[in-house]
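The lines below spell out each chain.
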Amino acid sequence: MKILVTVKQVAVVDDEFEIDGLGIDDRYITHDLNEWDEYAVEEAVQLQEAADEDVEVVTVTIGPEDTEETIRQALAKGADRAVRVWDDTLAEAGLLDPTTKARVVEAVASEEDPDLVLTGVQSADDGFGATGVTLAERLGFEWAAVVNDLELDREAGVASVHRELEGSIEELTDVQLPAVLTIQTGINEPRYASLRGIRQAQTKELDVRSLEDVGLSPADIESPLEQTSLYEPTSESDATVFEGSAEEAAAELAEVLRDAGVAN
Amino acid sequence: MTILSVAEHRRGELRPVSLELLSVGHLVADETDSEHHTVVVGGDVEAFGEKLDREGVDAVHTVDYGEEFNHDVYVQAVSQLADAVDPSLLLMPNTVNGLDYAPAVAGRLDRPLVTDVVDIDYEEGLTVTRELYGSKAETTIDVNAEAAALTVRPGEWPAAEGVNGASVEPFAVDIDESAVRSTVTGFEEVGSGDVDIGDADVLVSVGRGIGEEENLDLAFELADALDATVSASRPLIDNGWLEKDRQVGQSGKVVTPDVYIAIGISGAVQHVAGMKGADTIVAINTDPNAPIFDIADYGIVDDLFDVVPALIEEFGS
Ligand SMILES: Cc1cc2nc3c(=O)[nH]c(=O)nc-3n(C[C@H](O)[C@H](O)[C@H](O)COP(=O)(O)OP(=O)(O)OC[C@H]3O[C@@H](n4cnc5c(N)ncnc54)[C@H](O)[C@@H]3O)c2cc1C
């Protein structure tokens, strides 16, 4: 069995930051493995460990060279090898919306021919939450979004999942394989990479491909969506903010809380 | 031009977002001089259809197929209706189920999709607004296409009101059963333990800012001093530090205490969905730009490890 996992490096923005054109100035950004993808990687590795057949876990990332550090994190946690797609056309492309991303991942998936694709529910920075299902539709795979429990029955070709709905309710659904599942946090407990894992990750295959390598042309990633502005939202806050030292602020807050009847 | 919005229901109830979508549809239809249609798929479609006949709706379509949501059915039904109605704008809810079918519908209809939209403008073509980086920034996106699909964030628009008298018409779909490759087998309620955070008058709610499990003691100490109950944001529950019963938010509990004290919680939209109805909201956070301050009544921008002990001191015997 082969499991393909999408792995994205996301931008984490500092408390204070400045906007530079259509992005946040690099100085205020650190990069990390997308939280939801971390759970997806863990789920794939756990499936691999539990299976009584050979399971290969391959990650796929759209991103420049500096995403390799993040990809190595996934490899250190047990993924077998990685594919990274990037070239000048992608670098110069405007908004990488779910359709554009799905097209690129689809091209890789068509070559890899996985039985199962796991993606994060959403990415922490752009929060589209749609790449996984878009990909499924393009691949002609079945799918399930927001999965927080997964059991595979390989013989029957069925994934039994829980989909986490709003308001503490889960939907129980059987999905035919091959499928794309978008993974919700909490489905498992992501492991820390061991030292050995980190060492091994350095030697694992990380294959870099251009659009052309995966059989796409620049026209394939043209999007009708165009980002036109980025700004800090005008604060709607009318909160009373207590200034001063922590003690002073706490004292003022305590007074308000007492007035509100707390602990009286 | 036509606008088409898709209603959502679960276990016999129309979900509030359905009526919010009608407001969005109404506004855009007014702005663009369009017709405004809505559709409900499955369940008690007659009753739902009546409820969807609100001000600004020109037609309600009902698809009497299945009881509960099944994405394979929704994708086929909505695509077929879209083929018939040819809407220039297709509006779907940015909910867990919305995100389970909207991308596939957009893909099938070959239309661009923008998710989690918080504002729409039609002055010069379609421009939508979204949030990025955990609500720290906002962006506008021009949609340069004849027809587009959007998922709309719940809670951003008011529910449509009034009773209308539009036509409520069944729409006959031709569902290819062999393409229905998923089966919903049931539902499960999660978390029915001992704590009922829904009952508490005062909630001390902790988020990822607490850092480590041991530090939760601090929250329980404060809760003791305030005669309050401890609740939390999702990451703490995901980590297994607290029981699922204590999770506030979209996928957790909706709470409406008198006082909600958010400690080290950023205020992500899915968290806010569970607590914005609290009477008084207090936020303690080191980040002055954290979105939680947008809805807070009182705030302290400081380290919780300094503020919370000081608060405990204040209320200590
Ligand atoms: C489908 C779906 C459903 C979801 N459902 C829920 C839900 O029901 N409930 C929920 O909560 N989330 C839910 N989420 C997750 C949500 O998107 C956020 O990831 C989550 O709410 C973030 O929790 P947080 O605010 O505790 O953590 P973070 O966003 O990491 O925020 C931590 C905050 O602590 C502050 N901080 C750090 N250190 C300190 C310090 N020393 N002193 C003071 N402040 C400090 C930081 O400035 C930051 O603002 C859901 C997500 C999805 C996709």
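Reading guide: rules and limits
Residues numbered from 1 in each chain as written. Chains lettered and ligands numbered in written order. Predicted model: local features only at pLDDT ≥ 70, side-chain atom pairs only at ≥ 80, totals over all residues. Heavy atoms only, no water. Axes fitted to C-alpha atoms, helices over the stretch in contact; angles between N-to-C directions. Helix = DSSP H or I, 4+ residues; strand = E, 2+ residues; numbered from the N terminus. Parallel < 35°, antiparallel > 145°, perpendicular 65-115°, else oblique. Left-handed = near helix turned anticlockwise from the far one by under 90°. Contact = heavy atoms within 4.5 Å. Nonpolar A, V, L, I, M, F, W, Y, C, P; charged D, E, K, R; others polar. Core = buried A, V, L, I, M, F, W, Y, C linked by side-chain atoms within 4.5 Å. Buried < 20%, exposed > 50% of the residue type's maximum accessible area, 1.4 Å probe, protein only. Near = heavy atom within 4 Å. Polar contact = N/O pair within 3.5 Å; in protein donor to acceptor, adjacent residues only side chain to side chain. Areas by Shrake-Rupley, 256 points an atom, 1.4 Å probe, with all protein chains shown as cover. Pairing = 2+ DSSP bridges. Buried area = accessible area lost by both parts, 1.4 Å probe. Salt bridge = Lys/Arg side-chain N within 4 Å of Asp/Glu carboxyl O. pLDDT = per-residue confidence, 0-100. Patch = residues over 30% accessible without salt bridge, like charges linked within 9 Å, V, L, I, M, F, W, Y side chains within 5 Å. Lys, Arg positive; Asp, Glu negative; His and termini not counted. Charge placed at Lys NZ, Arg CZ, Asp CG, Glu CD. Expected span 1.5 Å × (residues − 1).

This part is about the packing of helix H7 (residues 246-259) of chain A against helix H9 (residues 304-315) of chain B. With their axes 8 Å apart at the nearest point, H7 of chain A and H9 of chain B run at an angle of 50° to one another. By the angle class used here, H7 of chain A and H9 of chain B are oblique. Helix-helix and strand crossings are classified by hand; for H7 of chain A and H9 of chain B the assignment is right-handed. On H9 of chain B, the residues that touch Ala246, Glu247, Ala250, Ala251, Leu253, Ala254, Leu257 and Arg258 of chain A of H7 of chain A are Asp306, Val307, Ala310, Leu311, Glu314 and Phe315 of chain B. Grouping the amino acids of the contact of H7 of chain A with H9 of chain B by side-chain chemistry returns 10 nonpolar, no polar and 4 charged.

A separate point is the nonpolar core. Among the nonpolar cores identified, the biggest contains 60 residues, and Val104 of chain A together with Leu90 and Tyr101 of chain B are the most heavily contacted of them. A per-element tally of this core places helix H3 (residues 71-85) of chain B first, with 8 residues. The next biggest cluster of nonpolar side chains, apart from the first, holds 38 residues, and it includes Val256 and Val262 of chain A together with Ile263 and Val282 of chain B.

The environment of the ligand is formed by 28 residues, the closest being Ser233, Ser251, Ser266, Gln270 and Asn285 of chain B. Residues close to the ligand are split across chains A and B. Note that an oxygen atom of the ligand is positioned 2.8 Å from one of the backbone N or O atoms of Arg208 of chain B. For the ligand, the protein covers 86% of the area, taking 990 Å² as the surface of the free molecule. Counting only elements with at least two residues in the shell around the ligand, the list comes to helix H6 (234-238), helix H7 (269-275) and H9 of chain B.

To continue, consider the sheet that holds strand E12 (residues 179-183) of chain A. By definition, the strands of a sheet pair up through backbone hydrogen bonds, in either a parallel or an antiparallel sense. Taken in spatial order, the 10 strands line up as E13(A)-E7(A)-E6(A)-E1(A)-E8(A)-E12(A)-E9(A)-E10(A)-E11(A)-E13(B) in an open sheet, and their pairing is mixed. Looking at which strands have only one partner, the edges of the open sheet turn out to be strand E13 (206-209) of chain A together with strand E13 (182-189) of chain B. Direction aside, neighbouring strands of the sheet carry axes that sit 30° apart on average. Relative to strand E8 (residues 116-120) of chain A, strand E1 (residues 2-6) of chain A runs parallel, the two being bridged by 3 bridges.

Moving on, we come to the interface of chain B and chain A. Facing the 83 residues of chain B at the interface are 79 residues of chain A. Between chain B and chain A, the buried area comes to about 7,000 Å², and carbon and sulfur atoms account for 53% of it. It is Tyr133, Lys136 and Arg181 of chain B that lose the most area in chain B upon contact with chain A, and together they represent 11% of the buried surface on that side. Along the contact surface separating chain B from chain A lie 9 salt bridges. The salt bridge involving Arg15 of chain B is made with Glu166 of chain A; its shortest N-O contact spans 3.3 Å. At the boundary of chain B with chain A, the tally comes to 46 residue pairs in polar contact (both at pLDDT 80 or more). Per-element tally for the side of chain B that touches chain A: the top contributor is E13 of chain B, with 8 residues. Grouping the amino acids of the side of chain B that touches chain A by side-chain chemistry returns 35 nonpolar, 23 polar and 25 charged.

A few words on the confidence of the model for chain B. Of all residues in chain B, 99% attain a pLDDT of 70 or more, and the chain-wide mean is 96. Taken together, the chains of this predicted complex give a pTM of 0.97 and an interface ipTM of 0.96.

With that out of the way, let us pick up a negative patch on the surface. Residue and element names in this part refer to chain B. Taken together, the side chains of Asp196, Asp199, Asp201, Glu212, Glu213, Glu214, Asp217, Glu221, Asp224, Asp227, Asp258 and Asp279 present a region of like negative charge at the surface. Mapped onto the fold, Asp199 is located in the loop between E13 and strand E14 (202-206). Judged by its relative accessible area of 63%, Asp199 is exposed.

A separate point is unusual backbone geometry. Residues other than glycine predominantly adopt negative phi, and peptide bonds predominantly adopt the trans conformation. Residue and element names in this part refer to chain A. Here the residue pair Leu177 and Pro178 is connected by a cis peptide bond, since its omega of 0° sits within 30 degrees of zero. By the element assignment, Pro178 lies in the loop between strand E11 (169-176) and E12. Here Asp113, not a glycine, exhibits a phi torsion of approximately 55°, which is positive. As for its placement among the helices and strands, Asp113 is situated in the loop between helix H4 (98-112) and E8.

We now examine the environment of Val307 of chain B. Assignment of secondary structure puts Val307 of chain B in helix H9. Given the relative accessible area of 0%, Val307 of chain B is considered buried. Separated by 22 residues in sequence, Val307 of chain B and Asn285 of chain B have C-alpha atoms that sit 9.6 Å apart. Filtering out sequence-adjacent residues up to four positions away, Val307 of chain B remains in contact with Ala246 and Ala250 of chain A together with Ile284, Ile300 and Asp302 of chain B.

Attention now moves to helix H5 (residues 131-139) of chain A. Counting buried positions over the 9 residues of H5 of chain A gives 7, a clear majority of the element. Looking at the buried residues of H5 of chain A, the elements they touch are H4, E8, strand E9 (142-153) and E12 of chain A together with helix H4 (98-109) of chain B. Immediately downstream of H5 of chain A, the backbone of Gly140 of chain A shows phi near 75°, a positive value.

When the terminal C-alpha atoms of helix H1 (residues 35-50) of chain A are compared, their 23 Å separation across 16 residues agrees well with the 22 Å that a helix rising 1.5 Å per residue should span. Of the residues making up H1 of chain A, those classed as buried are Trp36, Asp37, Tyr39, Ala40, Val41, Glu42, Glu43, Ala44, Val45, Leu47 and Gln48 of chain A.

This paragraph deals with the pattern of salt bridges. All names here are of chain A. Within the structure shown, the criterion is met by 34 salt bridges over all chains. With a closest N to O distance of 3.1 Å, Arg163 and Glu171 form a salt bridge. Both residues of the pair, Arg163 and Glu171, belong to the buried class. A network of salt bridges, in which partner residues are shared, links Lys2, Glu56, Arg81 and Glu112.

Take the pairing of strand E6 (residues 89-93) of chain B next. Residues and elements named next belong to chain B. Of all 5 residues making up E6, 5 are buried, and the element is well covered by its neighbours. The side-chain alternation of E6 yields two buried faces, one formed by Leu89, Leu91 and Pro93 and the other by Leu90 and Met92. As paired strands, strand E1 (residues 2-6) and E6 are joined by 3 bridges and run parallel to one another. Bridge pairing in E6 places Ile3 opposite Leu89. The pairing of E6 with strand E11 (residues 148-152) spans 5 bridges and is parallel. Within the sheet, the bridge partner assigned to Leu89 lies in E11 and is Ala148.

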